[in-house]
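# Commentary on secondary and tertiary structure
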Amino acid sequence: AQKVTQAQTEISVVEKEDVTLDCVYETRDTTYYLFWYKQPPSGELVFLIRRNSFDEQNEISGRYSWNFQKSTSSFNFTITASQVVDSAVYFCALKGGPNNAGNMLTFGGGTRLMVKP
Amino acid sequence: NAGVTQTPKFQVLKTGQSMTLQCAQDMNHEYMSWYRQDPGMGLRLIHYSVGAGITDQGEVPNGYNVSRSTTEDFPLRLLSAAPSQTSVYFCASSYSKIPGNTEAFFGQGTRLTVV
């Protein structure tokens, strides 16, 4: 069975602080895919990043960066110089490999990030 | 390009009523799925479809039915609503040509309350 754990249910920071959202996953698949989604107060789910299990390079996109470490089964997300607009619920998700019928996603419980001005 | 469209956005049902949540996508995606979101539990898969005429159960299928008569549409039916089905429902679609290597596109969600 697959599992995604986001141990931080809620984080509060002051604007311009850096913040890291943790994601730990479990899977028996050797090929798998990891995702981060953002859910702003308006409720929609916004895709942020996809990472394949065979690509451990970290990625940076503007103020966002992701640290993928297979050795610790973690896929952490860092926001640098946080802004109020970053306030949202962030979900980490896992998709198994070739036997994953329908591209099903397993989600973590989400981390609510509150950025105060 | 509308993407994934869900209707309605909000709905209140009485216990025992039935209803259908609509989902349509215009991206010609083969894979479609329904998730429910409950506080602290993330999103959990209800049913999914890998193409027209093919559906299967996910993690929490009880109390829900689906059908897929066309590539574009994937309605979710609540047969006899129960308070435990109060949740936010998301429809998603994804491209199947490179299995697993594509992100899912989500609809805006339907907030359902069963009283």
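This write-up is about the structure you can find in this document.

Basis of the calculations
- Residues numbered from 1 in each chain as written.
- Chains lettered and ligands numbered in written order.
- Predicted model: local features only at pLDDT ≥ 70, side-chain atom pairs only at ≥ 80, totals over all residues.
- Heavy atoms only, no water.
- Phe/Tyr/Trp six-rings, centres within 6.5 Å; stacked < 30°, edge-to-face > 60°.
- Buried < 20%, exposed > 50% of the residue type's maximum accessible area, 1.4 Å probe, protein only.
- Helix = DSSP H or I, 4+ residues; strand = E, 2+ residues; numbered from the N terminus.
- Contact = heavy atoms within 4.5 Å.
- Buried area = accessible area lost by both parts, 1.4 Å probe.
- Salt bridge = Lys/Arg side-chain N within 4 Å of Asp/Glu carboxyl O.
- Polar contact = N/O pair within 3.5 Å; in protein donor to acceptor, adjacent residues only side chain to side chain.
- Nonpolar A, V, L, I, M, F, W, Y, C, P; charged D, E, K, R; others polar.

### Topic: the packing of aromatic side chains
Applying the stated criterion across every chain, the model contains 19 aromatic pairs over all chains. Geometrically, the ring pair formed by Tyr25 of chain A and Tyr32 of chain A is tilted, given 5.2 Å between the ring centres and 55° between the ring planes. With a relative accessible area of 3%, Tyr25 of chain A lands in the buried category. Taking the centre distance of 5.8 Å and the plane angle of 65° together, the rings of Tyr64 of chain B and Tyr89 of chain B count as edge-to-face. Taken as a pair, Tyr64 of chain B in strand S7 (residues 64–66) and Tyr89 of chain B in strand S9 (residues 87–94) lie far apart in primary sequence, 25 residues in all.

### Here we look at the interface of chain A and chain B
Facing 20 residues of chain A, the contacting portion of chain B comprises 21 residues. For the chain A and chain B pair, buried surface summed over both sides reaches about 1,800 Å², with 54% attributable to carbon and sulfur atoms. Seen at the junction of chain A and chain B, the total is one salt bridge. Between Arg50 of chain A and Glu103 of chain B there is a salt bridge, and its shortest N-O distance comes to 2.8 Å. Connecting chain A to chain B are four residue pairs in polar contact (both at pLDDT 80 or more). Residue assignment for the side of chain A that touches chain B shows that the elements contributing at least two residues are strand S5 (32–39), strand S6 (46–52) and strand S10 (88–96) of chain A. Here the element with the most residues in the side of chain A that touches chain B is S5 of chain A; it accounts for four residues. The residue inventory of the side of chain A that touches chain B, partitioned by class, reads ten nonpolar, seven polar and three charged.

### Re the pattern of salt bridges
It is possible for side chains bearing opposite charge to pair when their charged atoms get close. Applying the stated criterion to the full structure yields six salt bridges over all chains. Put simply, Asp55 of chain A and Arg51 of chain A hold a salt bridge, and the shortest N to O gap is 2.9 Å. Judged by relative accessible area, which is 6%, Arg51 of chain A ranks as buried. Across the salt bridge formed by Arg36 of chain B and Asp38 of chain B, the nearest N and O atoms sit 2.9 Å from each other.

### A short note on unusual backbone geometry
As a rule of thumb, non-glycine residues mostly have phi less than zero, and peptide bonds are mostly trans rather than cis. A cis amide bond, omega -5°, links Thr7 of chain B with the succeeding residue Pro8 of chain B. Summarising the element assignment, Pro8 of chain B is placed in the loop between strand S1 (4–7) and strand S2 (10–13). The backbone of Lys16 of chain A sits at a positive phi, close to 85°, despite the residue not being glycine. Within the fold, Lys16 of chain A resides in the loop between strand S2 (10–14) and strand S3 (19–21). What makes Lys16 of chain A exposed here is its relative accessible area of 69%. The backbone phi angle of Asn28 of chain B is positive, close to 60°, even though this residue is not glycine.

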